[in-house]
Structure formats: C-alpha cells, structure tokens
Amino acid sequence: MTIAMIWLIAFAAILFLCFSRWESSVSPGLDRLLPAVMKTHGDNRLVWSLALAVLGATTLVRPVDMLLTAIVIALLVLVGRKLAGWAMNKVDM
C-alpha cells in the first residue's frame with residue numbers, strides 16, 4: 001500500500017509540474033528530442049503530461065524494472081535492425 005501511495009503522490013506532482021510548465025519548458029524540450037512526426041508543437045498537453053507522469057512515477061518507484069525494460073527494448077531494436085539489414089542484403093534488387 002505504501003508503494004501505491006508513493007506512486008500516486010509522485011504521479012500527481014509530476015503531472016502538475018508538466019501541466020503548469022508546458023509552454024515554458026516541457027513542450028520545447030520534447031520538440032527538441034522527438035522526431036518530426038511526433039513533435040508536439042504545443043498541442044496534446046494533457047496526453048503528453050499524463051504519459052510523462054506515468055513514466056516518471058514508475059521510474060521513481062521501480063527504477064530497476066524500468067532499466068531492465070529499456071535494456072530489453074534496446075536489444076529488440078538492435079536485433080530487428082540487424083535482421084532487416086540482413087534481409088535487405090539477401091533481397092538484392
């Protein structure tokens with residue numbers, strides 16, 4: 001129960017900070033990090049604030065789980081890129 005309360009407090013704090021500082025720091029920061037297709041351009045304030053709050057609160061409560069998830073995703077991306085490169089070499093047009 002304690003972990004759930006800590007997660008809820010962290011979620012509320014991060015959501016409040018992201019939502020209140022959207023125009024000054026969060027939206028420009030996201031636009032610098034994201035590819036052109038995903039840029040916010042100031043829109044979707046609620047969606048991005050909720051997503052950042054969930055990720056931030058989960059990282060605060062369970063950092064090892066988030067680190068292992070990031071490692072697994074990175075390995076899957078690496079294997080997928082290698083397989084795609086190998087397949088493109090085999091399909092020589």
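Relevant structure appears above.
On a predicted model such as this, the values are computed, not experimentally measured, just so you know.

Novice: Just to check I follow, could you spell out the overall build of the chain for this structure?
Specialist: Scanning the chain from N- to C-terminus turns up 4 helices and 0 strands. Secondary structure elements of the chain, listed N to C terminal, follow the sequence α-α-α-α. The dimensions of the chain, computed from C-alpha atoms along their principal axes, are 55 × 35 × 15 Å. The proportion of buried residues among the 93 residues of the chain is 18%. The long-range share in the chain, meaning contacts at least 24 apart out of those at least 6 apart in sequence, stands at 53%. As displayed, the chain offers around 7300 Å² of accessible surface, 74% of which is attributable to carbon and sulfur atoms. The chain carries 8 positive and 5 negative side-chain charges, and their two centres are separated by 7 Å.

Novice: When you look at a nonpolar patch on the surface in this model, what are you seeing that I'm missing?
Specialist: A cluster of nonpolar side chains, contributed by Val64, Leu67, Leu68, Ile71, Leu75 and Leu78, occupies part of the molecular surface with about 570 Å² of accessible area. Secondary-structure assignment places isoleucine 71 in helix α4 (residues 63–90). Given the relative accessible area of 41%, isoleucine 71 is considered partly exposed.

Novice: Sorry, what's going on with the environment of lysine 39 here?
Specialist: Counting through the fold element by element, lysine 39 comes out in the loop between α2 (22–33) and α3 (45–61). Classification of lysine 39 by relative accessible area gives partly exposed; the value is 29%. Once the C-alpha coordinates of lysine 39 and proline 28 are considered, the two residues, 11 residues apart in sequence, prove to be 9.3 Å apart.

Novice: Honestly, α2 in this entry has me stumped. Any pointers?
Specialist: In an α-helix, one turn spans 3.6 residues, which is why side chains three or four residues apart end up on the same side. Within the sequence span of α2, burial applies to Trp22, Val26, Ser27, Gly29, Leu30 and Asp31. Elements in contact with the buried residues of α2: α1 (2–20) and α3.

Novice: Sorry, what's going on with the nonpolar core here?
Specialist: For soluble globular proteins, the rule of thumb is that nonpolar side chains tend to be buried together. Counting residues in each nonpolar core, the largest one holds 6 residues, listed as Ala10, Phe11, Ile14, Cys18, Ala53 and Ala57. Only α1 and α3 provide two or more residues apiece to this core. Counting residues per element, this core draws most heavily on α1, which supplies 4 residues. Among residues more than four places away in sequence, those in contact with alanine 10 are Ala57 and Leu60. Counting 5 residues, the second largest nonpolar core, distinct from the first, contains Trp22, Val26, Leu30 and Leu34.

Conventions and cut-offs
- Every residue gets a number counted from 1 within its own chain, in the order that chain's sequence is written.
- A pLDDT threshold of at least 70 governs which residues receive local features in this predicted model, and a stricter bar of 80 or more applies before side-chain atom pairs are shown or counted, although totals over entire chains, interfaces and linings include all residues.
- Side-chain numbers come from the whole structure's heavy atoms, not from hydrogens or water.
- Counting from the N terminus, the helices are the DSSP runs of H or I reaching at least four residues and the strands are the DSSP runs of E reaching at least two.
- Residue burial is assigned from relative accessible area. The probe radius is 1.4 Å, only protein chains are included, and a residue is buried under 20% of its type maximum, exposed over 50%, and partly exposed in between.
- We call two residues in contact when some of their heavy atoms are within 4.5 Å.
- Shrake-Rupley sampling with a 1.4 Å probe provides the accessible areas, and residues are treated as covered by the protein chains on show and by no other component.
- Charge counting follows a simple rule: Lys and Arg are positive, Asp and Glu are negative, and His as well as the terminal groups are ignored.
- One atom stands in for each charge, and that atom is NZ of Lys, CZ of Arg, CG of Asp or CD of Glu.
- Two joining distances apply to patches: 9 Å for like charges and 5 Å for nonpolar side chains (Val, Leu, Ile, Met, Phe, Trp, Tyr), and every residue must have over 30% relative accessible area and no salt bridge.
- Here, a salt bridge means any Lys or Arg side-chain nitrogen found within 4 Å of an Asp or Glu carboxyl oxygen.
- In these notes, a set of buried Ala, Val, Leu, Ile, Met, Phe, Trp, Tyr and Cys residues joined through side-chain atoms within 4.5 Å is what counts as a nonpolar core.

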